[in-house]
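The chain contents come next:
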Amino acid sequence: MSPATISSLIVLAALVLCPFFLSGFTVFQLNLMLIYAIAIMGLNLLTGFNGQFSLGHGAFYAIGAYTAAILMDQYEISYVWTLPVAGVICFVSGFLFGLPALRLEGVYLALATFALAVATPQMLKLSLFEHWTGGVQGIVILKPDAPFGLPLSQDQWLYFFTLAVGLLLYWAARNLVSSRSGRAMMAIRDNPLAARSMGVNVALYKSLAFGVSALYTGMAGALGAIVIQFVAPDSFTFVLSVALLVGLVVGGVGWLPGAIIGGAFIVFVPNIAEEISKGLSGAMYGVMLILLIYVMPTGAGGLIRTVTDRLKRR
Amino acid sequence: METFIQQVLAGIATGGIYACMALAVVMIYQAIHHLNFAQGEMAMFSTFIAWQLLQWGVPYWLAFGLTIVISLIGGFVLERTVFKPIENAPVLSHIVVFIALFAIFNSLAGFIWDFTIKPFPSPFGNAALFGEGLIGAHQAGMIVITLVVLLLLFAFFRYTRIGLAMRAAAANPESARLVGIRVGTMTGLGWGMAAAVGSVAGILIAPMVFLEPNMMLSILLYGFAGAVLGGLTSPGGAVLGGFTVGVVENLAGTYIPVVGAELKLPIALFLIVAVLVFKPSGLFGHRVVQRV
Amino acid sequence: MMNNIKRLGGVGAAVGFSIIAFTAAAQENGVTDDTIKIGLVQPFSGPASAYSQIAYTNEAYFKMINDNGGVCGRQIELITYDDGYSPPKTVEQTRKLVESDGVFLIFNGLGTPTNSAIHKYMNAKQVPQLFVATGASKFGDPENFPWTMGWQPNYIAEGKIYARYILENHPDSKIGILYQNDDYGKDYINGLRAGFGEKADSMIVMEQPYEVADPTVDSQIINLKASGADVFLNIATPKFAAQAIKKAAEISWDAVHIVNSVSNSVGSVLKPAGFENAVGLISANYGKDPQDPQWEGDAGLKKWSDFMDKYYPDGDKTSSFTVYGYGVTQTLEYVLKSSCDNLTREGVMKAAASIKDFETDTALPGIKINTSETDFYPIEQMQLMKFNGERWELFGGVIDGSSATN
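One numbering rule holds for all chains: residues counted from 1, following each sequence as written. Naming scheme: in the order in which they are written, chains are lettered from A and ligands are numbered from 1. Owing to the predicted nature of the model, reporting of local features is limited to residues with pLDDT of at least 70; listing and counting of side-chain atom pairs is limited to 80 or more, with chain, interface and lining totals taken over all residues. Excluded from the side-chain calculations are hydrogens and water; all other atoms, namely the structure's heavy atoms, are used.

Trainee: I tried to follow the interface of chain A and chain B on my own but got confused; where do I start?
Mentor: We call two residues in contact when some of their heavy atoms are within 4.5 Å. Taken together, the contact pairs 41 residues of chain A with 43 residues of chain B. Taken together, the two surfaces of chain A and chain B that pack against each other cover about 3500 Å², and 84% of this comes from carbon and sulfur. Taken as a group, R103, Y108 and Y294 of chain A account for 16% of the area that chain A buries against chain B, more than any other trio of residues on that side. Salt bridge, as applied in this entry: a Lys or Arg side-chain nitrogen positioned within 4 Å of an Asp or Glu carboxyl oxygen. On the surface where chain A and chain B come into contact, there are zero salt bridges. Polar contact criterion, stated in full: a pair of N or O atoms within 3.5 Å, where within protein one must be able to donate a hydrogen and the other to accept it, and residues adjacent in sequence count only if both atoms are side-chain atoms. The interface formed by chain A and chain B includes three residue pairs in polar contact (both at pLDDT 80 or more). Of the residues assigned to the side of chain A that touches chain B, the class counts are 31 nonpolar, eight polar and two charged. Two parts placed together each lose some accessible area under a 1.4 Å probe, and the buried area is that loss summed for both. Each residue is assigned to one of three groups, with Ala, Val, Leu, Ile, Met, Phe, Trp, Tyr, Cys and Pro labelled nonpolar, Asp, Glu, Lys and Arg labelled charged, and all others, Gly among them, labelled polar.

As structure tokens, this is what we get:
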């Protein structure tokens, strides 16, 4: 077995076993880490593998979260079915957003997506939709219990549920990336003109990439709503979009497993920064982030690649 | 009709704020071909420095000048120290460092000067011009200064050697190096100038919105919008874009029924995006031709 | 011999177990023989970071309590976390406090969405969510949420107080409202509408929302003046309230201007707006404004001032937030002291639900805190005041908003 496979198995084992040894609160935090990892995977598919910037993925996260909340709160649908519905709705929204985005490149696309991120809380607060979204008050939902009377706490059950969904989505992403479509996406990232002249339908793939990416992040949002049990416009400000981007870069752009590292960064580093200094927690966070980028300019993925390359050369 | 005129004038007044900021944004874009998300926070920080100088009894115009100089040097030093180690890192890593700087400046300002609002004096006074407060003296002064800065920048880039060198360094660093331009220094200088323009923006804006660490965030966004609308390669266009955003936002808020008031910002942004879809380099920018 | 050893062993075990049981039971709810652990989650960063003055004031007050011997013979250990005004973060930090740090109660959480996020959790876990820093009326619902209690007058009650004033003094007026587009602003509007009753729709001619992200509210003020309103209700947070006061004066909008209690601080709002622009402003308050010279020599405010000088010298003495922090923490101190013989979570909630005529040092004279098993709104009285260009002049006596709330 290659070192990569061994390390993946170790990580997997750790993820599966740890809820039994840790407190409910830590399991809750790890659950959030997995959720952000799924969201980052989605962003990675779009930015890392297809070369389209997005500073607005928080919007898709929000759409997924509200879909789940509304379905559970107003239509009493079980939490399990909210995920595929959220996924489909987000896929469609992502695809629709991707269409006009075709004309935008680089910094302009970044701006358009940033505009989306900033507009999201306003749209959620809109009095027009208040009947469904609960307006500024948000929606409170109930946490599900483990099914079939399994001897798991709510926190543990949701953790395993998230883990299962995450692994499934990861497997799907790996397959997508190594398939023909994946290669087409990457070709578009590396050289859109060459890709087009090779017969790749650039417009279609770019829009599809947006759709798939939104699907992933939307499902993460739905999971997030279930775990936190609450959605409100203030939960989905542009800060979320920025955090996802930071998580993506820290984990490694274009390296799928990096999503876990990105997710861990989002959940734990702000807390560490706060512990170092409450008054200057933002500054500490910024300093830690800059140091991290110095040490690994291409993220954890880049670092691991450099290290393994060097080891192979020995 | 009177409301319409008042809203347009108010839009021009707030648009002046956005135009100021848009200028700083374009300034840095010219220098590094990136958008600096920390720009707003740097401007805010400079404004706090100006405020502190005023608190210590320094006369207004001296504090103004000192702040510009401090910001110029500060921006230059910041670029040379923070960005040198990651010169060759991918774009996204740079963006993340911008985000980190944003967090640092915001947190530092809040820590040193706390988060309560502080009044900031205006050199033009608060009187209304033309009576009935159609446009205040300060707003008019702000627009004038913005236009002056715009002209200075235009002249700098067009007619000076350093300006030309800076544009070259940003457009094609390798070729610029080959003709003997010190790209690193140019980039640092670009940052310094952007910080200086930002500080002017901050000092002009603070009297209208009150000084506090979070004052620049939305203004930066509107500044981006204005810059993009006008075209990132055109300082004049950016200024015009800023005014346009201000006016459009106010008119949308007033005349679009039901949702207008609640969706002012998203509507303004939506319009920007719509413009971009049809004219990707902005209203006044020139098209970037890609060689195959 | 063996029997003795066995007996000793048995006694030893019994003593050992009871020590463990005793300390375990005592540790269980955040109370030990020497300490009481209290948790506080507030925004120290992000858009609402201006309110962090409240948290710092609370911290300083607890230090003062500890220096004076603590409560119930125990020192208070305060653990604070930042939630950046983000509900998911509030959930995380609160769970950390309750499950990981094992606090006795959660005190003075700030904001409506943030407190809403943990509302069900706190009541399910049966941990007191005491004296939340928001005026949203939903937090005074003892029947459904017996572990949650607010402190300040709720926004609906305050809205009704203003409505009553307008009906009595300007019954034929047209009303324009500027409000922050969140639960805080909307709660006030609900109160106003409830206060106007059937006349609400005919009297209110325009409601203009603004977002916290808006740089200025100038556009909204222009629209409000254009609507022909001659009464202006300013439901905004300090920065925007100040802008509104300034703009209204700039465009010579001659309306009766009422500003809400969150933003009537002389130092933080009226001074930046310009005193000359604020003449004639009306508001309601339940605490003393430290800038008001009529309180010079007031014993209660002097205690606050000495406290600030000694324990929070960096704090802003012109800000109402520091007055607020002092008042709410003093109330907690009183409640804790009333529950010394029953220092459990139920005991504290019971004490909190049976406060009778308690006056804090910083409350206006005549304003007393009262709670009962059906009344979870500690402060419901306010007094109206008018700004004369230098200071607020109280008038009309203490009004009770409690008849108002449902």
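Back to the write-up after that little detour.
Trainee: Is there a simple way to explain the confidence of the model for chain B in this structure?
Mentor: Predicted coordinates in areas of low pLDDT are best not read in detail. Averaged over every residue, the pLDDT of chain B is 84; residues scoring 70 or more account for 93%. The predictor rates its confidence in each residue with pLDDT, a number between 0 and 100. Numbered from the N terminus, helices here are DSSP runs of H or I no shorter than four residues, and strands are runs of E no shorter than two. The secondary structure element of chain B with the lowest average pLDDT is strand β1 (residues 128–129) of chain B, at 60, and the one with the highest is helix α2 (residues 39–55) of chain B, at 93.

Trainee: What's the story with the sheet that holds strand β1 (residues 35–42) of chain C in this structure? I'm lost.
Mentor: Within a sheet, each strand pairs with its neighbour through backbone hydrogen bonds, oriented either parallel or antiparallel. All names here are of chain C. On the basis of which strands lie adjacent, the open sheet formed by four strands has the order β2-β1-β3-β4 and parallel pairing. The open sheet has two edge strands, β2 (75–82) and β4 (129–130), and neither has a second partner. Bridge analysis of strand β3 (residues 105–107) against β4 gives two bridges, and the strand direction is parallel. When the sheet's bridge partners are listed, F107 is paired in β4 with L130. Axis lines are fitted to C-alpha atoms, over the contacting stretch for helices. Their N-to-C directions set the angle, which ranges from 0 to 180 degrees. Where helix α2 (residues 52–67) meets the sheet, it contacts β1, β2 and β3, and its direction lies at approximately 165° from that of β2. If DSSP finds at least two bridges between two strands, the strands pair.

Trainee: Any chance you could explain the side chain of E211 of chain C here in plain terms?
Mentor: Relative to the helices and strands, E211 of chain C resides in the loop between β6 (204–210) and α8 (218–226). Within polar-contact distance, the side chain of E211 of chain C engages the side chain of K125 of chain A at 3.0 Å. Residues in contact with E211 of chain C, not counting those within four places in the same chain, are Q122 and K125 of chain A, E262 of chain B together with N181 and F240 of chain C.

Trainee: What is the right way to read the interface of chain C and chain A from this model?
Mentor: A common measure of how large an interface is: the accessible area buried when the components associate. At the interface, 28 residues of chain C touch 27 residues of chain A. Of the roughly 2300 Å² buried between chain C and chain A, counting both surfaces, carbon and sulfur atoms make up 52%. Here chain C is connected to chain A by three salt bridges. K125 of chain A is paired through a salt bridge with E211 of chain C; the nearest N and O atoms lie 3.0 Å apart.

Trainee: Where do I start with the nonpolar core in this structure?
Mentor: Note on soluble globular proteins: their nonpolar side chains tend to be buried together. Core analysis: the largest hydrophobic core is formed by 222 residues, its most contacted members being Y159, F236 and V246 of chain A together with F120, W191 and L232 of chain B. It is helix α2 (residues 24–47) of chain A that contributes the most residues to this core, 17 residues altogether. Once residues lying within four places of it in the same chain are set aside, the contact partners of F236 of chain A are Y61, A62, A65, Y66, T120, P121, L124 and V231 of chain A. Here the nonpolar core consists of buried residues drawn from Ala, Val, Leu, Ile, Met, Phe, Trp, Tyr and Cys, with membership extended through side-chain atoms lying within 4.5 Å. Categorising residues by exposure relies on relative accessible area from a 1.4 Å probe, with only protein chains included: less than 20% of the type maximum marks a residue as buried, more than 50% marks it as exposed, and the intermediate range marks it as partly exposed. Counting residues in each nonpolar core, the second largest holds 83 residues, with M64, L192, V335 and A353 of chain C among its members.

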